[in-house]
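Structural overview for review
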Amino acid sequence: MSHIYESYDVIVVGAGHAGCEAALACARLGMNTLIVTISMDSVALMPCNPNVGGTSKGHLVKEIDALGGEMGKNIDKTYIQSKMLNVSRGPAVHSLRAQADKQDYSREMRRVLENTDNLTLKQAEVTEILIEQEKVTGVRTYSGAVYPCRAVILCTGTYLNAKCITGDISNYTGPNGLKAANYLTDSLKNSGIEMYRFKTGTPARIDKRSIDFSKMEEQFGDEELVPFSFTNNSEDIKKEQVSCWLTYTNETTHKIIRDNIHRSPLFSGDIKGTGPRYCPSIEDKVVKFADKDRHQVFIEPEGNYTNEMYVGGMSSSLPEDVQYQMYRSVAGLENAKIVRNAYAIEYDCINPNQLKASLEFKNVEGLFSGGQFNGSSGYEEAAAQGLVAGINAAMKLLDRSPLILDRSQAYIGVLIDDLVTKETHEPYRMMTSRAEYRLLLRQDNADLRLTKIGYKIGLIGEERYRNLLQKEESIERETKRVNQALIGASSFVQEFLIQNGSQSLKTGTTVGELIRRPELNYDLLEPVDLERKPLPKDVREQVNINIKYEGYIERQLRHVDQFKKLENKNIPDNIDYEQVKSLRIEARQKLMKLRPASVGQASRISGVSPADISVLLVYLEQFRKKDTV
């Protein structure tokens, strides 16, 4: 029997949010790249919530864009509502979130893929990863076609052995009724890769015509837009926005759920996979938070050209008849017609502790991994990992150092470090609280933190790089000027300060000192800052934050210096932890299993104590002296 036999540099398995970023990164870095998807209809599919961004996730999207990824550009093209969250709090937790037109988002991303040099799309099911002497050599598809390559990136999402569950009805399909991938898991297990079984879910979609919006609170988008991509400004992407709607569950809803909890596969034991702690189903919320008499429900449009509305906050795997009772008990949904039932989905994924920080498997050279397959949840987490996996697959083939972002550089660094270092027993979700240095890792300065890295890698063009340097220079120059610009205690200044709820001056001061007052800011002080010249909004924003939070920023920078000292203490690959006799047994076992690359990474492993780290530091010093001799 003859087989297709096409050779590539890199093959990406899966074309979801991780796969798209991985394939684009490889192709843009000159790698002859094949992206294989089980269905061309699943390219950049949004099988669950119709939005991009949100708390901490918005940070990831801005960082993806700063490094040269595509997600930010794509949502800027296809959003239908945009909103900045947490604006009443400090800039560290401001997070951009946009509703997407699902079909447009997928269509636009596919258009980009199809028109990228060095990139080929293929609909097929990969059933086997070909490995020789612990090194990737290619993939085999269900048809028997063999595709040799030098690196493979696994971005299979929720498709491996996928099982969709509603009540006691199970279908062995992927999300949205698409075909599942039923063979690849066995190939991976045969290669010694440890697999997990996780679960996620999605709510029903309801016909817009059957909803009474008069009983709900209308939620509008922002008038002043902030783009996700640093290559856009608000005027570039401005358009008419659609509304979302807020309603609530009630005691009747909760009683229906409690009365039928025995029919939920989540509680009957039919669902074996572990679900996400921070995105629970409605039945999970009702059981775990029994003291709450209501939960928020967001009604969100799936796009401009469909009547399907997403019922955010009410994902479920309850039977169909219970779903009708439950949804119709909510204000405004009394006559709701369900277009698509809610369901849970179980799928296979890996234990990410098997990965290096580069997202390459420790025991299979040239095999990389990204997205929900790594035990994470969310489109944004997936895209961030896909981008890094794609970059590092290309770096490996180009014989260049891998991109490894640490916890002080990016939310992406926090995400990957958590996955590869800490034990993951449930789908991982990014949150601002996971980032120790979140005042430094704001979404507004993602370009200042990461675009130079993207330029060095080769994903950021010359013009964008030059624009960044000009922005840096403008921020530095204006910050210096404002800290030196004197403001006298004239009657005009005194009246201005009192009108804006600020204390009058007893003597002259600087513009910088006034910015530091909580009730004032850079833009507000324009009438009294007579030497000021017009500057772009993003420059003004950085000047304001740098001055207002200067003390806090300096304190975090000192913490980063301490963090870097441990991060820069590398642990040799050939260290034998059995020889470190003073280590506790648990620490020794964890260190042997995870093989951390640095003392800093070792310190974050569950089961390794500060005392163990002290022992390890002493041993490493002795090890190096012996090695030198």
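Residues numbered from 1 in each chain as written. Predicted model: local features only at pLDDT ≥ 70, side-chain atom pairs only at ≥ 80, totals over all residues. Heavy atoms only, no water.

Some words on the overall build of the protein chain
Secondary structure assignment for the protein chain yields 21 helices and 23 strands. Taken against the 2.2 N^0.38 rule, which gives 25 Å for 629 residues, the C-alpha radius of gyration of the protein chain at 26 Å falls within 12% of a compact globule. Seen through its C-alpha atoms, the protein chain measures out along the principal axes to roughly 90 × 80 × 50 Å. A burial count over the protein chain gives 57% of its 629 residues as buried. At a minimum sequence separation of 6, the contacts of the protein chain that also span at least 24 residues come to 72%. Here the protein chain displays about 27800 Å² of accessible surface, and carbon together with sulfur accounts for 47% of that area. (Helix = DSSP H or I, 4+ residues; strand = E, 2+ residues; numbered from the N terminus. Rg over C-alpha atoms; globule rule 2.2 N^0.38 Å. Buried < 20%, exposed > 50% of the residue type's maximum accessible area, 1.4 Å probe, protein only. Contact = heavy atoms within 4.5 Å. Areas by Shrake-Rupley, 256 points an atom, 1.4 Å probe, with all protein chains shown as cover.)

A word on the packing of aromatic side chains
By the definition in use, this model includes seven aromatic pairs. When the ring of Tyr 142 is compared with that of Tyr 183, the centres are 5.4 Å apart and the planes differ by 35°; the resulting orientation is tilted. Here Tyr 142, found in the loop between β8 (135–141) and β9 (146–148), pairs with Tyr 183, found in the loop between β12 (169–171) and α5 (184–190); they are 41 residues apart in sequence, far enough to count as distant. Here Lys 179 stacks its cationic end above the ring of Tyr 142, 5.7 Å away from the centre of that ring. The ring centre of Tyr 428 lies 4.2 Å from the NZ or CZ of Arg 434, which sits over that ring. (Phe/Tyr/Trp six-rings, centres within 6.5 Å; stacked < 30°, edge-to-face > 60°. Lys NZ or Arg CZ within 6 Å of the ring centre and 35° of its normal.)

Observations concerning the domain arrangement of the protein chain
Per the domain assignment, the segments of the protein chain are domain 1 (12–452), domain 2 (473–553) and domain 3 (569–628). Relative placement of domain 1 and domain 3: their C-alpha centres are 35 Å apart. Taken residue by residue, the interface counts nine residues in domain 1 and seven residues in domain 3. Summed over both partners, the interface of domain 1 with domain 3 buries about 740 Å², with 48% contributed by carbon and sulfur atoms. The largest share of the area that domain 1 buries against domain 3 comes from Lys 362, Thr 421 and Glu 423, three residues that together contribute 54% of it. Applying the counting criterion to the domain 1 and domain 3 interface returns two salt bridges. Across the domain 1-domain 3 interface, the total number found is four residue pairs in polar contact (both at pLDDT 80 or more). A class-by-class count of the residues in the side of domain 1 that touches domain 3 yields one nonpolar, three polar and five charged. (Domains from an automatic or database assignment. Buried area = accessible area lost by both parts, 1.4 Å probe. Salt bridge = Lys/Arg side-chain N within 4 Å of Asp/Glu carboxyl O. Polar contact = N/O pair within 3.5 Å; in protein donor to acceptor, adjacent residues only side chain to side chain. Nonpolar A, V, L, I, M, F, W, Y, C, P; charged D, E, K, R; others polar.)

Looking at the UniProt feature "binding site: FAD" (unreviewed entry) in the protein chain
In the numbering adopted here, UniProt assigns the feature "binding site: FAD" (unreviewed entry) to Gly 14, Ala 15, Gly 16, His 17, Ala 18 and Gly 19. Inspection of the secondary structure assignment puts Gly 14 in the loop between β1 (10–13) and α1 (17–28). The class for Gly 14 is buried, based on a relative accessible area of 14%. Setting aside anything within four residues of it in sequence, one finds Gly 14 in contact with Gly 19, Ile 35, Val 36 and Cys 155. Topologically, Gly 19 is positioned in helix α1. Gly 19 sits in the buried class, given a relative accessible area of 0%. Discounting residues that sit within four places of it in the chain, Gly 19 has contacts with Val 12, Gly 14, Ile 35 and Cys 155. (UniProt positions renumbered as here; feature names shortened; annotations may be inferred.)

With respect to helix α14 (residues 462–484)
The terminal C-alpha atoms of α14 lie 34 Å apart, and with 23 residues this matches the ideal 33 Å at 1.5 Å per residue to within 8%. Taken together, the buried positions of α14 are occupied by Arg 464, Tyr 465, Leu 468, Lys 471, Ser 474, Ile 475, Glu 478, Thr 479, Arg 481 and Val 482. Close packing links the buried residues of α14 with α2 (57–67), α3 (71–78), α13 (446–457), β23 (509–510), α16 (511–515) and α17 (537–548). (Expected span 1.5 Å × (residues − 1).)

Some thoughts on the sheet that holds strand β7 (residues 126–132)
Taken together, three strands build an open sheet; the order of strands is β7-β8-β9 and the sheet is antiparallel. Single-partner strands in this sheet number two, and they are β7 and β9. Averaged over all pairs of adjacent strands, the angle between their axes in this sheet comes to 25°, without regard to strand direction. Taken together, the three bridges between β8 and β9 define a ladder with antiparallel strand orientation. (Pairing = 2+ DSSP bridges. Axes fitted to C-alpha atoms, helices over the stretch in contact; angles between N-to-C directions.)

Points about the packing of α1 against helix α4 (residues 102–114)
Here α1 crosses α4 at 20°, and the two axes come no closer than 11 Å. By the angle between their directions, the pair α1 and α4 is classed as roughly parallel. As α1 runs across α4, the sense of the crossing is left-handed. Within the contact between the two elements, α1 uses His 17, Cys 20, Leu 24 and Arg 28 and α4 uses Tyr 105, Met 109, Val 112 and Leu 113. (Parallel < 35°, antiparallel > 145°, perpendicular 65-115°, else oblique. Left-handed = near helix turned anticlockwise from the far one by under 90°.)

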